[in-house]
Amino acid sequence: MKKDLLSLGFLILLLTTACSKDKSQDLDPNLPGAIQEIIDSDPCKHDKDIGQGYIIQLYSWKGEYIYTASVICINCMVVPNLYDEKGNQLSDIDFTGFSKNATLIKTVWRCDKK
């Protein structure tokens, strides 16, 4: 009986591991270069000061698509970097106004620091 339970547990572990997707498989192949570079750099593995992780989201704002790239920090306020749909970093947008009026379309990519 104990051997059967161990075999069943191993089988379940094998199936769930074999079926898990790599997070990059769901990415849009047409992401702007700057956004793709952030993802490729995998900041959760290489940046020791990253907080709890990193997140890239796509928003609709004033008829435009805007990407945000930000550290995930539970105990602090982090203003994300903003990018237009071509990957150009935007520095002239007031984040307070953006955050009040932007509509989240989707989370493009996220990594959690382990």
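Residues numbered from 1 in each chain as written. Predicted model: local features only at pLDDT ≥ 70, side-chain atom pairs only at ≥ 80, totals over all residues. Heavy atoms only, no water.

The next point concerns the packing of aromatic side chains. Evaluation of the coordinates by the stated rule reveals three aromatic pairs. For the ring pair Y59 and F98, a centre distance of 5.4 Å and an interplane angle of 70° mean the geometry is edge-to-face. With a gap of 39 residues between them, Y59 in strand β1 (residues 53-61) and F98 in helix α4 (residues 95-101) connect regions that are remote in the sequence. With respect to class, Y59 is no different from F98; both count as buried. Here F95 and F98 contribute two aromatic rings whose centre-to-centre distance is 6.1 Å and whose plane-to-plane angle is 35°, an arrangement assigned as tilted. On the criterion of helical spacing, the pair formed by F95 and F98 is a turn pair, its members being three residues apart in helix α4. Using a relative accessible area of 2% as the deciding quantity, one classes F98 as buried. (Phe/Tyr/Trp six-rings, centres within 6.5 Å; stacked < 30°, edge-to-face > 60°. Helix = DSSP H or I, 4+ residues; strand = E, 2+ residues; numbered from the N terminus. Buried < 20%, exposed > 50% of the residue type's maximum accessible area, 1.4 Å probe, protein only.)

A few words now on helix α2 (residues 33-41). Along α2, the positions that sit buried rather than exposed are I35, I38 and I39. Projected down its long axis, α2 shows its buried positions confined to an angular sector of 95°, all on one face. The exposed set on the far side of α2, more than 90 degrees from its buried face, consists of E37 and D40. (Arc of directions from axis to C-beta.)

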